[in-house]
Amino acid sequence: MPPADTGASAIVAGASAPSSPVTTTAAPASAPERLEPGRPGYRRMSFALFAAGVAAFALLYSTQALLPAVSASFDATAGQASWTVSAATGALALFVLPLSALSERFGRRQMMTVSLAIAVLVGLLVPFAPSMGALIALRAVQGAALAGLPASAMAYLAEEVRPKALIAAIGLFVAGNSIGGMSGRILTGWVAQAWGWRAALAAVGLLALACAAAFHFLIPRAKNFRPGSLNPKALAKTVATHLGNPLLVRLYAIGALFMTVFGAVYTVIGYRLVEEPFSLPQGVIGSIFLVYLVGTVSSAAAGRLVARLGRRGALYLAVSTTAAGLLLSLTDRLAAVLLGLVLITAGFFAGHAVASSSVSRTATEGRAQASALYQSAYYLGSSAGGTLGAVAFHAGGWAATVALGLLAVLGVVSITLYGTRVARAERRALVPATR
C-alpha cells in the first residue's frame, strides 16, 4: 500500500525524502526497540499523550463555547468575539514550524513539556483579561505556546512507535484532542451559567494544569531521538522539499479544509442554539459538545477504517459523513441538529486522523517539519473557518455557515479524486517496467 492513498505511490514518496534540518551524530549500531501495544512503556506513552491532547484542545478552544457570553460582556459582534478563538489557532499555525525545528535540537519530550507549561500559565491569566483586546492578545500568546506540542507529538510517535502501530497511536492522541475539546466546552458551559465566563476559563486552566502534570510524570524518555545543531539552510531545504512533494501538499490541503468546516460549525453553533427556535441556556449548549465522544471513537478507529477501506476509501467515508451532517443540521429540529453535529464530528476526526498519520508515514526524514506544516495548514483552516463562519452567520444565518462548510467539503473531494487519478496513472506507468 502506498504511504497514503490520496496520491502518489510509495516509490514516488520515497524518492523525495527530505534532508534533515539539523546536523546529527552518527546513528547507533543498534536502535532501541520501539513501542507497541503489549510492550513496556506503551501504555504510559498513550496515557501521557492522551492527557497532553486533552490539555491542548481544552485550552486552545476554551472560549469557543463562551462566545455569546463574551460578546455580551464586551458588547462585541460574533465576528469580533470569534477572534478569541482565531487568534489562538492562527498563532499556533504561525509558530508550529519554528518550534518544531527547536524540537530537533532540544528534543520532542522537552518541547512538549515547556509548551504545555507556558500555555497553562497563560491559561491561568486569561480569566483576568480587562478588555476584548487583552483577551485576544493573551489567547494569541497561548496559541503560540501550544504550537510546540502537536508537531513534536507526531514526530515523537513516529520515532518511538513501531510503524504498524503508528496510526493507532496517533489516533489515541487525536482522541485526547476530542476529549479535551468536549470536556473544556462542557465545563465552561455549566461553570459560566453558574458563575460567569471568567470563572469558566479559570476552570479550564486548572483542568489543563492537572493534565500537564500527568503528562510530565508519565511520558517515557525518548530512546530514538538524536539531537543536532540547528541548521537554518537545511531547515529551509527540508521545508521546500516537503512543499515540493505533491502528496504532502494534498494532505496539508485536506487537513486545512476539514478544519475549516469544523472551525466554522463549532464557532457558530453556540450563537444558533441560543437564538430562536432553540433558546437553550449556556450550560445546555456546553453539554452539546458531548458529541465529541463520537470523535474520540472515530479517530481511534481510523486504523481499522484504513485497513478495511484503504486510505482513500477512509477519506471518502469521512467526507461523505461530514457533508451529510452539514445538510442535516439545516433543520429547525433540535434532535436533527444534534445528529448532524454527531456526523460532522465523526467525519472530521476520522479524516484528520487518516490525513495526519499519512503525513507522518510519508515523510521518511524531517518528520517534525512535515508534521509542523500539516499542523500549520490545519490550524490556519481552523482560524479561517472560525472567522469566516462567524461572518457568514452574521450575513446569512446558519444556512450561510453550512454553505461555507459544503464548499470546503467539495474541496476535499476534489483533492482526493485528483490523488486517485494520479495514483492510477503512476501504477499504469510502472507496469511496463515490471515486465
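The structure reproduced in this document is the subject of the present report.

1. With respect to empty space enclosed by the protein
Stage number 1. Overall, the coordinates contain three cavities of 30 Å³ or more when judged by the stated rule.
Stage number 2. Within this model, the largest cavity holds a volume of roughly 100 Å³.
Stage number 3. In terms of lining, the largest cavity is formed by 14 residues, of which the most central are Ala 56, Phe 57, Pro 150, Asn 177 and Tyr 379.
Stage number 4. Its residues assigned to classes, the lining of the largest cavity shows eleven nonpolar, three polar and no charged.

2. A few points about the packing of aromatic side chains
Stage number 1. Inspection of the entire model under this criterion finds ten aromatic pairs.
Stage number 2. Considering the side-chain rings of Phe 262 and Phe 348, the 4.0 Å spacing of their centres and the 10° angle between planes classify their relative orientation as stacked. Of this pair, Phe 262 sits in helix H12 (residues 246-274) while Phe 348 sits in helix H16 (residues 334-362), and the two are 86 residues apart along the sequence. Comparing Phe 262 with Phe 348, the two get one shared label, buried.
Stage number 3. Plain terms: the ring middles of Phe 348 and Phe 349 are 4.9 Å apart, the flat faces sit at 70° to each other, and that makes the pair edge-to-face.

3. A word on unusual backbone geometry
A negative phi holds for most residues other than glycine; trans holds for most peptide bonds.
Stage number 1. That bond from Glu 276 to Pro 277 is cis: its omega, 5°, falls within 30 degrees of zero.
Stage number 2. Looking at the element boundaries, Pro 277 is found in the loop between H12 and helix H13 (282-287).
Stage number 3. Despite not being glycine, Ser 279 has its phi angle at roughly 50°, a positive value.
Stage number 4. Checked against the element boundaries, Ser 279 lands in the loop between H12 and H13.
Stage number 5. You can call Ser 279 partly exposed: its relative accessible area is 38%.

4. Topic: the packing of helix H2 (residues 42-60) against helix H7 (residues 132-146)
Stage number 1. As a packed pair, H2 and H7 sit with axes 10 Å apart at the nearest point and diverge in direction by 155°. One way to sum up the angle between H2 and H7 is to call them roughly antiparallel. Regarding H2 and H7, the two cross each other, and that crossing is left-handed. Contacts between H2 and H7 pair Ala 56, Leu 59 and Leu 60 from the former with Arg 139, Gln 142, Gly 143 and Leu 146 from the latter.

5. Digging into the packing of helix H3 (residues 67-74) against H12
Angle between the axes and distance between the axes: these two values describe a pair of packed helices.
Stage number 1. Packing of H3 against H12 brings their axes to within 8 Å, and their N-to-C directions diverge by 70°. Classified by the angle their axes make, H3 and H12 are roughly perpendicular. Of H12, the residues touching H3 (which contributes Leu 67, Pro 68 and Ser 71) are Thr 267, Gly 270 and Tyr 271.

6. Brief notes about the pattern of salt bridges
Stage number 1. Throughout the structure, instances matching the rule amount to two salt bridges.
Stage number 2. Across the salt bridge formed by Glu 159 and Arg 108, the nearest N and O atoms sit 2.4 Å from each other. Of this pair, Glu 159 sits in helix H8 (residues 150-160) while Arg 108 sits in helix H6 (residues 108-125), and the two are 51 residues apart along the sequence. Summarising the burial analysis for this pair, Glu 159 and Arg 108 share the class buried.
Stage number 3. Across the pair Asp 332 and Arg 272 runs a salt bridge whose closest N-O atoms are separated by 3.3 Å. Pair noted here: Asp 332 is in the loop between helix H15 (302-328) and H16 and Arg 272 is in helix H12, with a separation of 60 residues, a long-range link.
Stage number 4. Judged by relative accessible area, which is 53%, Asp 332 ranks as exposed.

7. Re the environment of Gly 270
Stage number 1. If you trace the backbone, Gly 270 turns up in helix H12.
Stage number 2. Residue classification places Gly 270 among the buried residues on the basis of a relative accessible area of 7%.
Stage number 3. With 202 residues separating them along the chain, Gly 270 and Pro 68 place their C-alpha atoms 6.9 Å apart.
Stage number 4. What Gly 270 contacts, discounting residues up to four positions off in sequence, is Pro 68 and Ile 285.

8. Considering the nonpolar core
Stage number 1. By size, the foremost hydrophobic cluster in this structure holds 128 residues, and its most contacted members are Leu 49, Leu 157 and Tyr 266.
Stage number 2. Dropping the residues within four chain positions of it, Leu 49 is found in contact with Met 112, Ala 153, Tyr 156, Leu 157, Phe 173, Phe 215 and Ile 219.

9. A few points about H3
Stage number 1. Taken residue by residue, H3 has Leu 67, Pro 68, Val 70, Ser 71 and Phe 74 as its buried positions. Taken around the axis of H3, the buried residues stretch over an arc of 165°, which confines them to a single face.
Stage number 2. In this fold, the buried residues of H3 make contact with helix H4 (78-81), helix H5 (83-106), H7, helix H10 (197-218) and H12.

Cut-offs applied
Residues numbered from 1 in each chain as written. Predicted model: local features only at pLDDT ≥ 70, side-chain atom pairs only at ≥ 80, totals over all residues. Heavy atoms only, no water. 1 Å grid on protein atoms, 1.4 Å probe; cavity = no way out; pocket = protein on both sides within 12 Å on 5 of 7 lines; lining within 4 Å. Points joined across faces, edges and corners; volume = space filled by probe spheres on them. Nonpolar A, V, L, I, M, F, W, Y, C, P; charged D, E, K, R; others polar. Phe/Tyr/Trp six-rings, centres within 6.5 Å; stacked < 30°, edge-to-face > 60°. Helix = DSSP H or I, 4+ residues; strand = E, 2+ residues; numbered from the N terminus. Buried < 20%, exposed > 50% of the residue type's maximum accessible area, 1.4 Å probe, protein only. Axes fitted to C-alpha atoms, helices over the stretch in contact; angles between N-to-C directions. Parallel < 35°, antiparallel > 145°, perpendicular 65-115°, else oblique. Left-handed = near helix turned anticlockwise from the far one by under 90°. Contact = heavy atoms within 4.5 Å. Salt bridge = Lys/Arg side-chain N within 4 Å of Asp/Glu carboxyl O. Core = buried A, V, L, I, M, F, W, Y, C linked by side-chain atoms within 4.5 Å. Arc of directions from axis to C-beta.

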